[in-house]
Amino acid sequence: IEMIEDIGPPAPLSDQEMADRLRAATRFVEQTMGVVPMPDLGEANDFLGFIEFDKNASGWGTTDNVYALGNYSLADDEALVVDGHPQPCCYFGLQLWNRYMQSLDYRYQRVAINGEQLEFEDDGSYRVIISAVDPGLPNWISTAGHPEGVFFCRWLLADGDLDMPSCSVV
């Protein structure tokens, strides 16, 4: 990365700018505390449906994303299989969280996968395997020692209607 123009350091924040930023940070924390720890998300191991941005809802993303999430609950010898078809969008990802909306430990385990990383089936579909133990298959993501948690997909700038991926426990 090369700097094209040296514009110098930013001007100090005015009292009003600082107050506005502190209010925004406070509002974010208050809204996030309204959804964490995440409440019971219903029956485990399936998506709840699509969640689109709602400016009146607490803690949910941005206007250009569509989300789908659910909670998983897996025994050590079980896997959650998520089958889907690629959808036209700028970004797709599937990630695991704990109930506090924190990513699982990505430093030592693969706990997320995106559309660029996916290995596709011969028919163009994808299959993501969520489990505690690596089954030796493509697209595995690890529960990183968490037998229960949240899984979610995100589509950025989706083009048209989305198809919900299907889930099954094996």
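Rules used throughout
Residues numbered from 1 in each chain as written. Predicted model: local features only at pLDDT ≥ 70, side-chain atom pairs only at ≥ 80, totals over all residues. Heavy atoms only, no water. Pairing = 2+ DSSP bridges. Helix = DSSP H or I, 4+ residues; strand = E, 2+ residues; numbered from the N terminus. Axes fitted to C-alpha atoms, helices over the stretch in contact; angles between N-to-C directions. Salt bridge = Lys/Arg side-chain N within 4 Å of Asp/Glu carboxyl O. Buried < 20%, exposed > 50% of the residue type's maximum accessible area, 1.4 Å probe, protein only. 1 Å grid on protein atoms, 1.4 Å probe; cavity = no way out; pocket = protein on both sides within 12 Å on 5 of 7 lines; lining within 4 Å. Points joined across faces, edges and corners; volume = space filled by probe spheres on them. Nonpolar A, V, L, I, M, F, W, Y, C, P; charged D, E, K, R; others polar. Patch = residues over 30% accessible without salt bridge, like charges linked within 9 Å, V, L, I, M, F, W, Y side chains within 5 Å. Areas by Shrake-Rupley, 256 points an atom, 1.4 Å probe, with all protein chains shown as cover. Phe/Tyr/Trp six-rings, centres within 6.5 Å; stacked < 30°, edge-to-face > 60°. pLDDT = per-residue confidence, 0-100. Disulfide = S-S within 2.5 Å. Contact = heavy atoms within 4.5 Å.

Things to note about the sheet that holds strand β6 (residues 126-131)
With mixed pairing, 4 strands are arranged side by side in an open sheet as β7-β6-β3-β9. In this open sheet, the two strands that pair with only one neighbour each are β7 (140-142) and β9 (166-169). Across the sheet, the mean angle separating the axes of adjacent strands is 20° when strand polarity is ignored. Note: strand β3 (residues 79-84) against β9, 4 bridges, orientation antiparallel. Bridge pairing in β9 links D83 to S166.

Details of the pattern of salt bridges
Under the defined criterion, the tally for this structure stands at 3 salt bridges. We note a salt bridge from R23 to D20, for which the minimum N-O separation is 3.3 Å. Of the two residues, R23 and D20 are both situated in helix α1 (residues 15-33); the distance of 3 residues between them amounts to about one turn of the helix. In this structure, the salt-bridge partner of D105 is R107, at a minimum N-O distance of 2.9 Å. When its relative accessible area of 30% is taken as the criterion, D105 is described as partly exposed.

What to know about the layout of surface pockets
Rolling a probe over the atoms, with the probe sized like a water molecule, indicates the empty space that remains. Counted as a void, the second largest pocket has a volume near 200 Å³. Residue lining of the second largest pocket: 14 residues in total, with C89, Y91, F92, G115 and E116 positioned closest to the centre. Among the residues making up the lining of the second largest pocket, the classes are represented as 9 nonpolar, 4 polar and 1 charged.

Looking at a nonpolar patch on the surface
A contiguous nonpolar patch, built from L13, M18 and L22 and spanning about 260 Å² of accessible area, is present on the exposed surface. Looking at the secondary structure, you find L22 in helix α1.

Looking at the environment of R21
As for its placement among the helices and strands, R21 is situated in helix α1. As a C-alpha pair, R21 and G149 span 128 residues in sequence and 32 Å in three-dimensional space.

Some remarks on the packing of aromatic side chains
For the structure on display, the rule yields 5 aromatic pairs. Each ring, one from F50 and one from W155, has its centre 5.6 Å from the other, and the planes form 70°; the classification is edge-to-face. Taken together, the positions of F50 in strand β1 (residues 50-52) and W155 in strand β8 (residues 148-156) put the pair 105 residues apart, joining distant regions of the chain. Residue classification places W155 among the buried residues on the basis of a relative accessible area of 1%. Members of the aromatic cluster, each reached through a chain of ring pairs, are F50, F92, Y126 and W155.

Remarks on the confidence of the model for the protein
In the predicted model, the protein carries a mean pLDDT of 89, and 90% of its residues have values of at least 70. No element of the protein has a lower mean pLDDT than β1, at 79, and none a higher one than β6, at 98.

Overview of the state of the cysteines
What the rule picks out here adds up to 0 disulfides. There is no disulfide at C153, and the cysteine sulfur nearest it, in C167, is 7.9 Å away.

Overview of the environment of T143
The residue T143 is located in the loop between β7 and β8 in this model. The spacing of T143 and P86 is 57 residues in sequence and 23 Å in space, taken between C-alpha atoms. The residues touching T143, leaving out its near neighbours within four places in the chain, are Y72, L74, L96, L104, I130, S131 and A132.

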